[in-house]
Amino acid sequence: MAGFLPRFGPFGPLTPPPPFDEFGIKETRPRLAGRRAGGYDLVERMEYLYVRVVKARDLKWSGTFDPLAEVKLGGHSCATRHIEKSTSPEWNDVFAFSRERIQATFLDVVVRGKGFAKDEFVGRHRFDLGDAPLRVPPDSALAPQWYHVLDKAGARAGEVMLAVWFGTQADECFPLAVHGDASIAVDAKLAAHIRCKQYTVPRLWYVRVNVIEARDVAFVDKARVGEVFVRSRIGAQVHRTKTCVSRLPSYGWNEDHLFVAAEPFEDHLILSVEDRVKVDKEEVIGHVHIPFKEFERRWDTRPIRPRWFNLVRPEGAAKIEKFSTKICVRLCLEGGYRVLSEPVHYLSDVRPSARELWHSRPPIGLIELGIHSAFGLSSMRTRDGRGSCDAYCVAKYGMKWFRTQTVVDSLAPRFHQQCYWDVHDHCTVLTVAVFHNCQVGDKGGVVSGDPVKDVLLGKVRIRLSTLETGRIYTHSYPLVSLHSGGIKKMGELQLAVRFSSTSTLGLLQAYARPHLPPMHYHHPLPIVHQDALRREAVALIAHRLGRMDPPLRRECVDHLCEVHSHRWSMRRSKAHFFRIMAALAPLFATLRWFVDVCHWRNPPTTVAVHVIYAILVCCPNLILPTFFMYKFVLGLWSYRRRPRHPWHVDTKVSHAHAAHPDELDEEFDEFPTKRAPEVVRMRYDRIRSLGARIQEMVGDVASHAERARCAMTWRDPRATAMYLLACLFLAVTTFLAPFQAVALLTGFYVMRHPALRQRLPDVPTNFFRRLPCKVDCLL
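What you see is a predicted model; the values in this text were computed from it and never measured. (Residues numbered from 1 in each chain as written. Predicted model: local features only at pLDDT ≥ 70, side-chain atom pairs only at ≥ 80, totals over all residues. Heavy atoms only, no water.)

Attention now goes to the overall build of the protein. Along the protein, the regular secondary structure elements total 15 helices and 36 strands. Burial status across the protein gives 48% buried among its 779 residues. By sequence separation, contacts in the protein at least 24 residues apart represent 73% of the contacts at least 6 residues apart. Here the protein has roughly 38,900 Å² of accessible surface; of this, 58% comes from carbon and sulfur atoms. (Helix = DSSP H or I, 4+ residues; strand = E, 2+ residues; numbered from the N terminus. Buried < 20%, exposed > 50% of the residue type's maximum accessible area, 1.4 Å probe, protein only. Contact = heavy atoms within 4.5 Å. Areas by Shrake-Rupley, 256 points an atom, 1.4 Å probe, with all protein chains shown as cover.)

A few words now on the UniProt feature "transmembrane region" (unreviewed entry) in the protein. Under the present numbering, the feature "transmembrane region" (unreviewed entry) in UniProt falls on residues 577-595, 607-634 and 722-751. For residues 577-595, the helix share is 95%, the strand share is 0%, and the end-to-end C-alpha distance is 25 Å. The distance from the first to the last C-alpha atom of residues 607-634 is 23 Å, and the span holds 86% helix and 0% strand. (UniProt positions renumbered as here; feature names shortened; annotations may be inferred.)

What follows deals with the packing of aromatic side chains. Per the counting criterion, the structure on display carries 13 aromatic pairs. Arranged with centres 6.2 Å apart and planes meeting at 50°, the rings of Tyr48 and Tyr50 form a pair that is tilted. Tyr50 matches Tyr48 in its accessibility class, with the two residues each being buried. Aromatic ring contacts, followed pair by pair, group Tyr48, Tyr50, Trp165 and Phe174 into a single cluster. Looking at Arg57, its charged tip hangs above the ring of Trp146, at a distance of 3.9 Å from the centre. Directly above the ring of Tyr639 sits Arg642, whose terminal nitrogen or CZ lies 3.9 Å from the centroid. (Phe/Tyr/Trp six-rings, centres within 6.5 Å; stacked < 30°, edge-to-face > 60°. Lys NZ or Arg CZ within 6 Å of the ring centre and 35° of its normal.)

A sheet is described by the order of its strands in space; here five strands give the open sequence β14-β29-β28-β31-β34, paired in antiparallel fashion. In this open sheet, the two edge strands, each paired with only one partner strand, are β14 (197-200) and β34 (455-463). With direction set aside, neighbouring strand axes in the sheet form an average angle of 15°. Examined bridge by bridge, β14 and strand β29 (residues 400-403) share four bridges and lie antiparallel to one another. Of the residues in β29, the one forming a bridge with Tyr199 is Trp401. (Pairing = 2+ DSSP bridges. Axes fitted to C-alpha atoms, helices over the stretch in contact; angles between N-to-C directions.)

A few words on the packing of helix α9 (residues 623-638) against helix α13 (residues 717-736). Remark: α9 packs on α13, axes separated minimally by 8 Å, with the N-to-C direction vectors making an angle of 155°. Overall, the two elements α9 and α13 adopt an arrangement that is roughly antiparallel. Crossing of α9 over α13 shows left-handed handedness. The segment α9 lies against α13, with Leu624, Pro625, Phe628, Met629, Lys631, Phe632, Gly635 and Leu636 engaging Tyr723, Leu724, Cys727, Leu728, Leu730, Ala731, Thr734 and Phe735. Considering only residue class, the contact of α9 with α13 consists of 13 nonpolar, two polar and one charged. (Parallel < 35°, antiparallel > 145°, perpendicular 65-115°, else oblique. Left-handed = near helix turned anticlockwise from the far one by under 90°. Nonpolar A, V, L, I, M, F, W, Y, C, P; charged D, E, K, R; others polar.)

Here we come to unusual backbone geometry. In this chain, Glu263 is followed by Pro264 through a cis amide linkage whose omega measures -10°. The residue Pro264 is located in the loop between β19 (251-262) and β20 (269-278) in this model. Along the chain, Asp549 connects to Pro550 via a cis peptide bond; the corresponding omega equals 0°. When you line up the elements, Pro550 lands in the loop between α4 (527-546) and α5 (554-560). For Asp409, which is not glycine, the phi dihedral falls at a positive 60°. Along the chain, Asp409 falls in the loop between β29 and β30 (414-423). The phi dihedral of Trp714 falls on the positive side, at around 60°, and the residue is not glycine. As for its position among the elements, Trp714 is in the loop between α12 (678-710) and α13.

Spelled out as structure tokens, the structure:
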């Protein structure tokens, strides 16, 4: 028996890698939830002095100049944008100064022209900070009022409209405010990159284009045998059918093309019928532009009627006397699917595209996130001979993303921002990432003519099902960054998380529902198309978020959506392998224990096992009750050692600290590789593609094994409680019912006729797939 116990694997010995203590997690004592949901009770209250400069009028200036308003508070100053050639400019800019940094009792608002010439000074108004009121939402907004500005001689030189008040980060002006007490000068262009913002991700749809046939295809050379294909395009997404060769004027394909589109629909579908004249030459026979309003919308498997469209001859092409080529297609917007823009393991929303189906998944809770602060951040740039970092956080969940303000020039930034989301399925993941803002600098984020990408400092993933209802979790999570040079701890991020349930019954019912919408099971998408569709979905999200003000950069979207999660990595393959071995460790321990029993290494244990085995054989009706009662008691015993904090990125589970530099270089190498000649590159890419699929399969097996163990560890308290109740119910049921009847019914159920089966997964399968696994801990 000992020879069958695995000792070595494809990646070396099965001994787990040594612990990596310097990346441990710090836990603070959690508080009990007792405050109103949706407020700012998860973070500290930070007070700011807000100055809203609205406009000016009747400025006394003889010539033409570009007026602006400069706000001065002690040693801090900031200015509005300038308005060209106007004596009544309108700025409507808001400035914020941290109250703890205020060292002056007066606020000066200076109106002057663009530049620093002394003769462009118009006037000044001094505001006593002792007269500034305190405003705390939901108090109504403070109305601005006119104040006189005085020139150097003390005469009136016009009026400026101001509003000055003390408020907190809950003020609605906070996202629009320019922090005037930053260590560097903040202008209007820089302010667009450092403000906090809430983003709404567009609703994505799958677009299905079924190309059926084309008729009356005419060529200039009537004797030509056409090699015809159809090219379909939506924006940057292009697909083409196989080439059809025919002597008749009709060509058939019956192929499906799948695209991703975002609301509001801006692009059109372009269908072009093309002829392959030569190996490297293709000619367009005709094309048609189809707007999205011509598409049918469905969220089930009902058939879509085909439609005929007349093709238009391209400009400049040779004329054909009777050109009436038509193409037959089926056009459909698939609303029954959830467009997967992120890996299934990290889904933050499982609702389908069609709003008509959202009633099946009403909100069952509220997740609140408080982003406190970061500390110990690594220096990302040098200012005045010292290390500096310009950090900001991005939180992603569902269709709402939240970005904090950029804290300029600080290795211990304080954010103290709070956001919340409605939860429709608590078996989802909240992701928080910390970035270094490379747009803040002397060169404005551009080096050698190329834009500089923001640098990822680390990510935190929190699975909502692992949180107890109503409890506040306040922890410091390590920020770990992995690059081609190795692994590095970039600092720590302190978060506060609270999950509140609005429907306990909805939480329990969610474990019996399929994780994805029913269309994913009734008519599943081809595996070969899912990766390409996910990349297109991420590109669409990045394009739409990049058009907002301030834009969310493409590299942030890529990191949050895990766009590189499917690329080949020897490190990830090792991590999945060791996850499997760790999940199967109890099985191996049981086998070793049984070998010890068989060899009488512990005689009392062996005698006890013989007695128990004889009792179970003589009374088979006690086998199942004993087993389920054992699981029930073991689960209750494990309650004392239940996890006290959410999972975090673990370098030991990720197998990152022991990765070879050559493996990291391979992991961060672009695809296709540029490290070798053409033949080697082709073979290398093929091996990487095959290895990536094997890697995902091994990861799925590891996830299933970990879910089987997680049912007893109180990682998901609701799931463990339901599982223990089910074990207790089965223990009582199997005790009362005859064993032969239970075995007979079980065998009949497993071997039931296909007519009695349904395509949707059953309740135990749905419950099992919703259990958490350590994929959340992977880097």
